[in-house]
Structures are given as structure tokens and as C-alpha cells.
Amino acid sequence: MISGRRGARFGNLPSDGSADDPFRVGDRAEQRRGPTLKARAVGYLSRREYARSELARKLSPYADDAAALDALLDELEREGWLSTRRFAESLVHRRAERQGAARIVQELRQHGVDETQIGELRDGLRATEYDRAVAVWNKRFGERPADRAAYAKQARFLAARGFAHDVIRRVLGDDQDE
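The chain appears in an unreviewed UniProt entry as Regulatory protein RecX from Bordetella genomosp. 11. UniProt annotates the chain under Function (unreviewed entry) with the comment "Modulates RecA activity." What the UniProt record of the chain gives under Subcellular location (unreviewed entry) is the line "Cytoplasm".

Here you go:
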């Protein structure tokens, strides 16, 4: 027999709204707040590298104030948990085999990486861009374009991935000094 009272159906559970009522949801959020801000940050950083601005954005809903969040990020940098240089190198490593230098550099700028670091990484990417573009092009197409429409399609494909126009022309066979 089902009664209108919760206590009657589930045994001797109080249903009068007292603190012992398991169905009461009001104060429970204040009692169980979850992990500390630092524990959350270390949890995120243990999975992958983050830029400082990206980690700040992820942690901001859990922070009481911006000053505490900035202090935590400074502490994480001092302790070696947070490194924008490691983040930038990780991002380049993840993206380099599929994307060109322009697209990777744009993403680094969006994440707030320092321009000197971007310059160093860009030089390394440009040194290998032709080989990476050939690998991406071979995986997708593998044969020279037969007409202007096919050429345009293949060029757009490589340009969308951030490869430089001179590299695209060399890959597609415009340049005779291969």
C-alpha cells in the first residue's frame, strides 16, 4: 500500500523537513562542495597541458574570487604544474602532422602563448611544412589534379589546414624545381 507520506513507504524515514530527511535538498550543496580549487586544477593538469588562460576559464566557476584564482595559478606555475611553454609544445606536437604552421600559430595566439615562444615554434614548423603537407595530401588525394577544378579543390583542402600557399603550389605540382 502506497501512502502519500514518504516515511510510510520507505520505512521510518522522517519526512517532516528535518535535517535527517534524506529527501531534503536545501543544505546539501553547502555540505558537499567537492574537491578544492587546487585539486581540480591538478586533476585537469594531470590529464593534459593547459595554457594559463584556458585553465583559468575552466576553474572560474569554482573560484570564490578572481584574486584567489590568480594566486592559485601563480602557485601552480611556481610548483611546475602549469607551464605555457609545455602547453605550446604539446599543442604543436598534437597538431603538426595534420595542420600547417598558420593554423597552429593562430591557435597558440588564441590561448595566449607569448610571441617569442610562438616565433620559435613557427620556425620549426615552417622547416617541416612541405613534408607534412605532402603527407596530408597523400593521405587524402594521392594523385595530381587532373583539371583546374580538382586543383582548386585540393588547394582549398590544404589551405583550410593552414599550409602556406607556396607550399601548396609545390605539393600540387605548379613549381618545376622539385
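That covers the picture; the talk isn't over yet.
Chemist: Explain the packing of helix H6 (residues 84-95) against helix H8 (residues 115-127) here, please?
Modeler: For any two helices packed against each other, one specifies the inter-axial angle together with the distance between the axes. Running from N to C, H6 and H8 point in directions that differ by 25°, and their axes come no closer than 11 Å. Accordingly, the angle class assigned to the pair H6 and H8 is roughly parallel. As H6 runs across H8, the sense of the crossing is right-handed. Of the residues in H8, those in contact with Thr84, Arg85, Ala88, Glu89 and Val92 of H6 are Gln117, Glu120, Leu121 and Leu125. Looking at the contact of H6 with H8, its residues break down into 4 nonpolar, 2 polar and 3 charged.

Chemist: I would appreciate a short explanation of the packing of aromatic side chains in the present structure.
Modeler: Under the criterion given, the structure shown has 2 aromatic pairs. On the basis of an interplanar angle of 90° and a centroid distance of 5.3 Å, the ring pair of Phe141 and Phe157 is categorised as edge-to-face. Taken as a pair, Phe141 in the loop between helix H9 (129-140) and helix H10 (148-160) and Phe157 in helix H10 lie far apart in primary sequence, 16 residues in all. Classification of Phe141 by relative accessible area gives partly exposed; the value is 22%. Note on Phe157: relative accessible area 12%, which makes it buried. Lying over the aromatic face of Tyr44, Lys58 brings its terminal NZ or CZ to 4.7 Å of the ring centre.

Chemist: Which parts of the structure should I look at to understand H8?
Modeler: One full turn of an α-helix is made of 3.6 residues, so residues set three or four places apart face in the same direction. In this model, H8 (13 residues) spans 18 Å end to end at C-alpha, consistent with the 18 Å of a helix rising 1.5 Å per residue. In this fold, the buried residues of H8 make contact with H6, helix H7 (101-110) and H9.

Chemist: Would you mind going over the UniProt feature "domain: RecX second three-helical" (unreviewed entry) in the chain with me for this structure?
Modeler: Under the UniProt annotation, the feature "domain: RecX second three-helical" (unreviewed entry) is placed at residues 85-119. As annotated, residues 85-119 has a helix share of 74% and a strand share of 0%, and its two end C-alpha atoms lie 12 Å apart.

Chemist: Any chance you could explain H10 here in plain terms?
Modeler: Between its first and last C-alpha, H10 extends 18 Å over 13 residues, near the 18 Å set by a 1.5 Å rise per residue. Listed as buried for H10 are Gln154, Ala155, Phe157 and Leu158. The arc that holds every buried residue of H10, seen down its axis, measures 155°, which confines them to one face. Away from the buried face of H10 by more than 90 degrees, exposed residues Arg148, Ala149 and Arg156 are located. Against the buried residues of H10 lie H9 and helix H11 (165-172). Looking one or two places after H10, you find Gly162, whose phi comes out positive at around 90°.

Quick notes on the rules
- Sequence positions are assigned chain by chain, starting from 1 and proceeding in written order.
- Only residues with pLDDT of at least 70 are given local features in this predicted model, and only at 80 or more are side-chain atom pairs given and counted; all residues enter the totals for whole chains, interfaces and linings.
- As a convention, hydrogens and water are excluded, and side-chain values are obtained from all of the structure's heavy atoms.
- UniProt positions are given in the numbering used here, feature names are shortened, and annotations may be inferred rather than shown by experiment.
- To obtain an axis, a line is fitted to C-alpha atoms, over the contacting stretch when the element is a helix, and the angle between two such axes runs from 0 to 180 degrees between their N-to-C directions.
- Helix numbers and strand numbers start at the N terminus; a helix is a DSSP run of H or I with at least 4 residues, a strand a run of E with at least 2.
- Roughly parallel means an angle under 35 degrees; roughly antiparallel, over 145; roughly perpendicular, 65 to 115; everything else is oblique.
- Crossing handedness: left-handed means the near helix sits turned counterclockwise from the far one by under a right angle, and right-handed means the same turn made clockwise.
- Note on definitions: a residue-residue contact is assigned when non-hydrogen atoms from the two residues lie within 4.5 Å.
- In this count, Pro and Cys sit with the nonpolar residues alongside Ala, Val, Leu, Ile, Met, Phe, Trp and Tyr, while Asp, Glu, Lys and Arg are called charged and the others, Gly among them, polar.
- Pairing of aromatic side chains requires ring centres within 6.5 Å, counting the rings of Phe and Tyr and the six-membered ring of Trp. Pairs whose planes differ by under 30 degrees are stacked, by over 60 edge-to-face, and all others tilted.
- For every residue, the accessible area obtained with a 1.4 Å probe (protein chains only) is divided by the maximum for its type, and the residue is called buried under 20%, exposed over 50%, and partly exposed between those limits.
- Throughout this description, the term charge over a ring refers to an Arg CZ or Lys NZ atom that lies within 6 Å of the ring centre and within 35 degrees of the ring normal.
- Here the expected length of a helix is defined as 1.5 Å per residue gap, with one fewer gap than residues.
- Here, the arc refers to the directions that run from the helix axis to the C-beta atoms.

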